[in-house]
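# Overview (structure and organization)
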Amino acid sequence: MKTLDKLRFGVAGLAVLFALGTSGPAVAEDITLQYWVYSDFGQGDALALQQEFIKEFTAKHPGVTIEIVGKGDDDLTAGQVAGAASGNLPDVFMNAQSVGAQLVEIGALDNMYSKWMAMPEEFRAQFDQDALKSCMPKPDELYCLPYTGFGSLLFRNLTVLEKAGIDTTKPPATWDEWFAQMKQVKDAGMFAIPDETLVFNSIAEIYATSGGTDSWGFDWANRKTRIDPATMTKVLQKFVDMKPLGSGTSRNDQATKDLFISNQLAFHTIGPWVNPTYEEAAKASGLKYDFVLIPGDEAGKTGGIRSYEIVGVAPGPHADLAFEFAAYITEKAQMARWAKLLSRYNANAAAMADPDVAALPLIKVSVDAAHGAMDVAAPYFVDSVPSCYNSTVIDIASATADGSSTPEEGAKEMISQLNDCLAK
Amino acid sequence: MSVPSLRRISIWVVLKWAIALAVAGIALFPIWWMINVVFALPGEPVSLNPRLWPTSIPAGMEKIGLILTETDYLRAYTVSVLYAVLTIAGVLLIGSLGAFEFALFEFPGRNLLFGIVMLSLMVPTAVTIIPTYLLTSQLGWVNTMRGLVIPGVASAFGLFMLVQFMRAIPKEMIEAARLDGASHTQIYWHVALPLCRNALVTLAILTFMQTWGNYMWPLIIGTKPEMYTVGQVVGMFNSPLSHQTVDMVMTANLLAAIPPLLFFLIFQRKIVEGIATSGTKG
Amino acid sequence: MSVRRYLPHYLMIAPFMILFAAFFLYPILSGFYYSFHDWNGVKPPAYVGLANYQKIVVSRDFATAMRNLLTYVAITVPLGILVALGLALLVDSFTGRWANFFRNAYFLPVVLPAFLAATIWRWIYAPNFGLLNMILGWFGAPSVNFLNDTGTMLYALIAVDVWVSAGFNMVIILAGLKNIPAELYEAARLDGANKWQQIVHITIPMLGPVLFFVVTYGLISAMQVFDKPWLLTGSSFTSYGGRRNALLFPVMDMMGRAFGSVRFGEAAAYGFLLTVTIVILTAAMFGLRRWRGWA
């Protein structure tokens, strides 16, 4: 029995060698790239456009196929982590800047710096420089191409504001004006704003009305938080002030959107992804709304956060081809088509400046919002943020708003706990 | 059957019906509400239409049609159903073979082996999922139905449940069959299995529910769209920052609930009353 | 010689044991190995001895998670089983169409995908305009923020849990009820026993093994609770546990460490700490059974 097996193996092995040997210089290598995108981009019109991009690219590169796969946010990361462990990484993929550090650690992201520098200057200048900087933790490292993104917007329910006797033609220019309007809305018997202490991003959005990127985020060298105690005290006071005026729901809750649509909520600070819902409501039930910049403490300052999604390339034999594809989809022509289709902001500044694109109202506001906004978790790609960080911020913000400590104590406590969290 | 006169309807009967209906209401209302969200005009605020009953059948049908044609939902149905059915076949067969032995016979190492199997129930999946994935990947089973099904077939849950049901089988029946000259396998097939039929049907139903709702494993094994289960297709809609409107999300989720419901309705009829054990008298 | 005698037994369990060894035992041992290493799935694992275990046990989150878990389990398991038993007996007392209707109705929550159930309940629990608060409003009571008030969150979770698990356990108990021969009840009735006595002296003892299964499995799975609190608090790998970690549970923390911070060694160590706890509780259950002669 054993000898027969050995014989079988031998014959099989020879056959394989033979096949390999005679395949010789056949047609140009047939390569398949795996391309993972966010679930939104893997459906409907967005998918159709992505598939067009793929068709155009593969027409110029015979023998190459690109398989596009859509996944939800957490799933993208989980899949990439599992893929890295087993050597089945996607070749080109999207994800958020904020998980960049984890992806670098598991080897899912290739350092594209040299390939980047080999591209013509006009290509490189197309990108929004701030967004690009966040992909470059060190001068000679580039881990991603910034893709889509958002800046927080302030959605206003005009019916509610008019009922409260507020002039809706001029959006509030400063925090004080905005807060006064919130109180007016409450006096008229409606909710002013969602509970901003429930979600990390909404806390950041309000923090940005007083602070900025320099007084937020991480000092990785010393493993401390950059949050400034004085600013945080001021911001915690704002949460205390807003508590009686809020709806008790978070900015991400469906209930908040329902309140907005049924004309019981005046303001909604959130990103542009709720716009399709509100647009539909405008058609179906006459919702009157608009979107403006979140006002900061002084005129000209805006609050809100910005965040980008990135396109990354995995290291390995297909990295060069994958980079070419990534460069193709992120350049101005494609990004302009993308923006026009979805009416959403992206990180290609040249595309944003394109007159057709800039005329779209959501884009115009988003560009301004992103410029004045605060990076939600900078600097990226250096180290992964421990989960205790976000939950500490949320916990202490809600506790202070509940009244269990004064803003000053709360700020001090928060910063010391955050430093402990980072020190581990 | 004559209608009992009013005097005869006891307070217990009234109470029983009241409780049963109230609980049914609690169990069913959330699902009823979800159906109403799907079959309503999108964008209508909740205060105008609190979704207490379906308000627009055409709108709902349109959404369902949209989802079925625009996503690979139908293919995902096939994948999920195949995954569930194959898993059930495997779990029932292999689990009952094992349970037969562990419940009814003594042999060296029985308690030790059973203890080890029970132990596996107590180790959370989060710990084993990556090593299992790596093993499956080394076998070359990533993105295949084999890789999806086989790692789940040796289910400790199934074994434990069947053991408990089989312990109720009277030893006399086994002895009687043995005296009649039945082989070990024949005893298994002709005596034990029929007697725990209710357990087998119940296990089939529960296994279906568990595989249908299984999320993490198909996510990392089935990375290509051809292998997406219903859970993964629905997962694309459920992303919190998704641009989808809530009624589309609900529609996608509703469609995911239909096959398990059908499976349950079909198979629960097979649970038969009072398995006769009068055989012992013979 | 004796191996020959037992051979049929070993052969029958072989398929199960082989698959089990490959796909459960081996990963568990792997996990155990990695729990003593620092590993992110890609780099070669680096031995760190008990460091992972130490780090977890002293962390504040561990104490919170375990505290939440023990409270949750102590309430959910008995409550869920009592409700399931009650429902099973209730359904059993009907016949024909109505029995089918009620059984199907009570099982329906089990059929729902977890995300859907969570979304529905988030709406029901929503402050001010959720269904529950609307009902409270009719009675003039103030709105309760069920999912964000640290006092109520755990109980809100338990309610959802019982809503689903009651149906799950009910069908298992029903299968057991149907296996009880009718003659036993006949004989008891002829002896003059009333409904209650029949339940206490026939039903419950005959259900012994089934009840033992439901309680033990219920305990084991409650200790590993994950998807409901995760979905009810809208958690993601970077931020989970709900307000002030009121709904933080061990398995959630494990998933966060595994996929959020990509620290598989830590996640595995956490897993085994939890396993030890579960083993102790389960052994107690089995011990009780042997001592009291149940099941």
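Notes on the structure in this doc start here. (Residues numbered from 1 in each chain as written. Chains lettered and ligands numbered in written order. Predicted model: local features only at pLDDT ≥ 70, side-chain atom pairs only at ≥ 80, totals over all residues. Heavy atoms only, no water.)

### What about the packing of helix H7 (residues 156-166) of chain B against helix H7 (residues 153-178) of chain C?
Applicable threshold: Each axis is a line fitted through C-alpha atoms, and for a helix only the stretch in contact is used; angles between axes span 0 to 180 degrees, taken between their N-to-C directions. Each helix is a run of H or I in the DSSP string that is no shorter than four residues. Each strand is a run of E no shorter than two, and both are numbered from the N terminus. Working definition: roughly parallel below 35 degrees, roughly antiparallel above 145 degrees, roughly perpendicular at 65 to 115 degrees, and oblique for all remaining angles. Helix crossings are classified by the rotation of the near helix relative to the far one: an anticlockwise turn of less than a right angle makes the crossing left-handed, while a clockwise turn makes it right-handed. Contact criterion: two residues are considered in contact whenever any of their non-hydrogen atoms come within 4.5 Å of each other.
Packing of H7(B) against H7(C) brings their axes to within 11 Å, and their N-to-C directions diverge by 30°. The angle between H7(B) and H7(C) places the two elements in the roughly parallel class. As H7(B) packs across H7(C), the resulting crossing turns out to be right-handed. Facing Phe157(B), Met161(B) and Phe165(B) of H7(B), the residues of H7(C) in contact are Phe168(C), Ile172(C), Ala175(C) and Gly176(C).

### Quick word on the environment of Gly246(A)
All names here are of chain A. Its location among the elements puts Gly246 in the loop between helix H11 (229-242) and helix H12 (254-261). Taking the C-alpha atoms as reference points, Gly246 and Phe267, separated by 21 residues in sequence, lie 9.9 Å from one another. Residue contacts for Gly246: discarding those within four places in its chain leaves Phe191 and Ile193.

### Digging into a nonpolar patch on the surface
Residues and elements named next belong to chain B. Basically, it comes down to this: Without a salt bridge and with relative accessible area above 30%, a residue can belong to a patch; like charges are then joined within 9 Å and nonpolar side chains (Val, Leu, Ile, Met, Phe, Trp, Tyr) within 5 Å. Only the protein chains shown count as cover for residues, and all accessible areas are computed by the Shrake-Rupley method using a 1.4 Å probe. When a carboxyl oxygen of Asp or Glu lies within 4 Å of a side-chain nitrogen of Lys or Arg, that pair is called a salt bridge. Three labels apply to residues, based on accessible area from a 1.4 Å probe with only protein chains included: buried if under 20% of the type maximum, exposed if over 50%, partly exposed otherwise in between.
Nonpolar side chains collect at one region of the surface, where Ile11, Trp12, Leu15 and Ile19 lie side by side and expose about 460 Å² of accessible area between them. Among the structural elements, Ile11 can be located in helix H1 (residues 11-38). Here Ile11 falls in the exposed class, since its relative accessible area comes to 60%.

### Thoughts on the nonpolar core
The condition that has to hold: Buried Ala, Val, Leu, Ile, Met, Phe, Trp, Tyr and Cys residues that are joined via side-chain atoms within 4.5 Å together make up what is termed a nonpolar core.
Grouped together as the largest cluster of nonpolar side chains are 349 residues, with contacts concentrated most on Tyr35(A), Met182(A), Tyr73(B), Tyr106(C) and Ile172(C). The element contributing the most residues to this core is H7(C), with 18 residues. Sequence-distant contacts of Tyr35(A), defined by excluding residues within four places in its chain, comprise Gln50(A), Ile54(A), Ile66(A), Glu67(A), Ile68(A), Val69(A), Val92(A), Met94(A), Phe325(A) and Ile329(A).

### So, the state of the cysteines
Residues and elements named next belong to chain A. Put simply, the test is: Only a pair of cysteine sulfur atoms within 2.5 Å counts as a disulfide in this structure description.
Summed over all chains, the structure comprises 2 disulfides over all chains. Between the sulfur of Cys135 and that of Cys144 lies a disulfide, 1.8 Å long from S to S. Its S-S torsion of about -95° marks the bond between Cys135 and Cys144 as left-handed, since a negative value means left-handed. A relative accessible area of 0% means that Cys135 is categorised as buried. On the basis of relative accessibility, which here comes to 0%, the residue Cys144 falls in the buried class.

### A few points about the sheet that holds strand S5 (residues 153-157) of chain A
All names here are of chain A. Quick note on the threshold: Criterion used throughout: strands pair if DSSP finds at least two bridges between them.
With antiparallel pairing, the 3 strands of this open sheet are ordered in space as S8-S5-S9. Both edges of this open sheet fall to strand S8 (267-270) and strand S9 (289-292), since each of them pairs with a single strand only. Between one strand and the next, the sheet's axes are offset by a mean angle of 25°, whatever the strand orientation. One ladder, built from 4 bridges, connects S5 with S9; its direction is antiparallel. Looking at the pairing, Phe155 lines up with Phe291 of S9.

### Notes on the packing of aromatic side chains
Using the following cut-off: Side-chain rings of Phe, Tyr and Trp (the six-membered ring for Trp) are treated as a pair once their centres are within 6.5 Å; stacked means planes under 30 degrees apart, edge-to-face means over 60, and tilted covers the remaining angles. We count a charge as sitting over a ring when the NZ of a lysine or the CZ of an arginine lies within 6 Å of the ring centre and within 35 degrees of the ring normal.
By the definition in use, this model includes 70 aromatic pairs over all chains. Relative to Phe94(C), the ring of Trp17(B) has its centre 4.8 Å away and its plane inclined at 85°; by these criteria the two rings are edge-to-face. In this pair, Trp17(B) is assigned in helix H1 and Phe94(C) in the loop between helix H3 (60-92) and helix H4 (96-111), connecting two distinct chains. With relative accessibility at 7%, the residue Phe94(C) sits in the buried group. Between Trp230(C) and Tyr240(C), the aromatic rings sit 5.8 Å apart at their centres with planes inclined by 25°, giving stacked as the arrangement. Here Tyr240(C) lies in the loop between helix H11 (227-232) and helix H12 (250-260) and Trp230(C) lies in helix H11, a separation of 10 residues in the sequence. On the accessibility criterion, Trp230(C) (9% relative accessible area) is buried. Note on Tyr240(C): relative accessible area 7%, which makes it buried. A cation over an aromatic ring shows up here: Lys16(B) above the ring of Phe94(C), its NZ or CZ 4.5 Å from the ring centre. It is Arg289(C) that lies over the ring of Phe212(C); its NZ or CZ is 4.5 Å from the centre.

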